Amino acid sequence: MTLHRPEGTLRRGDDPILLTPEDAGWTYTGLRVLRLRAGTSRTVRTGEFEAFVLPLAGACTVRVDGATFALAGRESVFTRVTDFAYVPRDAEVELVAEGDLEVALPMARCANRLEPRYGPAEHVPVEVRGAGSATRQVANFGVPGVWQHADKLNACELITPDGNWSSYPPHKHDEASDCEVVNEEIYYFRIAGRDGITPAREGFGIHRTYAADGSWEENVVVRDGDVFLIPHGYHGPCIAAPGYPMYYLNVLAGPAQDRSMAFCDDPAHGWVRARWAAEPIDPRCPVTTHEGRIG
């Protein structure tokens, strides 16, 4: 399996990403990223997948099962936390772009069909995680305990200020144990350019994934638009190069009956968490709220 999928390798026509579970070599988790011109529309058939409609840049109207949701969206993933919609399996979803639109559809293969639902940006909890150079922001829009209206799908957004580390300590979720559940996970990266807002390919970061038994390891340079697949093993850190803030969308789903994002730290590095109580939080976090950028 090729874990790192650089920008362009998952392109379908004008759309930046079409990643199905079959493309990834697993069972549940997928991702689409669509681009629509201002004033145009697109009909998406979800089939056996539930999904979130998550604006990355721009605003849109979502029509599904007789319901209409107006998503205010955002200028960039680095400018504010967005509102979103949940759409069920076996649905026809019409997306209408108010202006030029880039929208992500994190998705999961599921059995149960739920009703569509709107997720207001002001209800998305923004968590500051870690401390010191490991400070980062997590927007928990689609996680268990916050968003209960999903069958298999879990998703959240992270922003790592430039020069900081996130997804640290390294952790895994590839077996059912006292501390973890099995989840397939997608990392979808956006890297800001010099203005800290506009995604650009000039910036970069580092992502690490490795086997618990030490049999393999990947340390990869990631750029704007790249995808990394986590079928098993420890993953982290994600490091934002100085000058280039890093965003990633995490999409997780797995076989567990109840949705969970439980994980186990690598015991070699989990001790780092104890240091955070004595370290200052990077004042650049939180970076954004539903009202916009901070600072």
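See the structure printed just above.
Residues numbered from 1 in each chain as written. Predicted model: local features only at pLDDT ≥ 70, side-chain atom pairs only at ≥ 80, totals over all residues. Heavy atoms only, no water.

A.B. asks: Even after reading the chapter, I still don't get the layout of surface pockets, so can you show me in this structure?
C.D. replies: Gaps left between atoms are located by rolling a probe of water-molecule size over the structure's atoms. Here the largest pocket is characterised by a volume of approximately 360 Å³. In this structure, the largest pocket is lined by 20 residues; those nearest its centre are Arg35, Leu36, Asp100, Leu101 and Glu102. Secondary-structure elements contributing two or more residues to the lining of the largest pocket are β3 (29-36), β4 (41-45), β5 (49-64) and β9 (101-109). Per element, the largest residue contribution to the lining of the largest pocket is three residues, and it comes from β5. Within the lining of the largest pocket, the residues separate by chemical class into seven nonpolar, five polar and eight charged. Of the voids in this model, the second largest pocket is the one considered here, and its volume is about 310 Å³. Taken together, 20 residues form the lining of the second largest pocket, with Arg129, His171, Asn250, Met261 and Phe263 sitting closest to its centre. (1 Å grid on protein atoms, 1.4 Å probe; cavity = no way out; pocket = protein on both sides within 12 Å on 5 of 7 lines; lining within 4 Å. Points joined across faces, edges and corners; volume = space filled by probe spheres on them. Helix = DSSP H or I, 4+ residues; strand = E, 2+ residues; numbered from the N terminus. Nonpolar A, V, L, I, M, F, W, Y, C, P; charged D, E, K, R; others polar.)

A.B. asks: Explain the sheet that holds strand β12 (residues 136-142) here, please?
C.D. replies: Read from one edge to the other, the open sheet built from seven strands follows the order β1-β19-β16-β21-β13-β12-β11, with strand pairing classed as antiparallel. Edge positions in the open sheet fall to β1 (4-5) and β11 (126-129), since each of these has one partner strand only. Sheet topology places β11 next to β12; four bridges connect them, and they run antiparallel. Residue pairing across strands places valine 126 opposite alanine 139, the latter belonging to β12. (Pairing = 2+ DSSP bridges.)

A.B. asks: Teacher, can you tell me more about the side chain of arginine 89 here?
C.D. replies: Assignment of secondary structure puts arginine 89 in the loop between β7 (84-87) and β8 (92-97). Within the local environment of arginine 89, its side chain forms a polar contact with the backbone oxygen of cysteine 110, the two atoms lying 2.6 Å apart. Residues contacting arginine 89, with those up to four places away along its chain left out, are Thr46, Gly47, Glu48, Phe49, Glu50, Cys110, Ala111, Asn112 and Arg113. (Polar contact = N/O pair within 3.5 Å; in protein donor to acceptor, adjacent residues only side chain to side chain. Contact = heavy atoms within 4.5 Å.)

A.B. asks: Would you explain the state of the cysteines in this entry?
C.D. replies: When the sulfur atoms of two cysteines share a covalent bond, that bond is a disulfide. Evaluated as defined, the whole model comprises one disulfide. The partner cysteine of cysteine 179 in its disulfide is cysteine 264, sulfur to sulfur 1.5 Å. Residues cysteine 179 and cysteine 264 are joined by a disulfide whose S-S torsion is about 90°; by sign, that bridge is right-handed. With cysteine 179 in the loop between β15 (171-172) and β16 (184-191) and cysteine 264 in strand β22 (residues 264-265), the pair connects residues that are 85 residues apart, well separated along the chain. Given the relative accessible area of 37%, cysteine 179 is considered partly exposed. Free of any disulfide, cysteine 110 has its nearest neighbouring cysteine sulfur in cysteine 156, separated by 19 Å. Unpaired in terms of disulfides, cysteine 156 finds its nearest cysteine sulfur in cysteine 238, a separation of 11 Å. (Disulfide = S-S within 2.5 Å. Buried < 20%, exposed > 50% of the residue type's maximum accessible area, 1.4 Å probe, protein only.)

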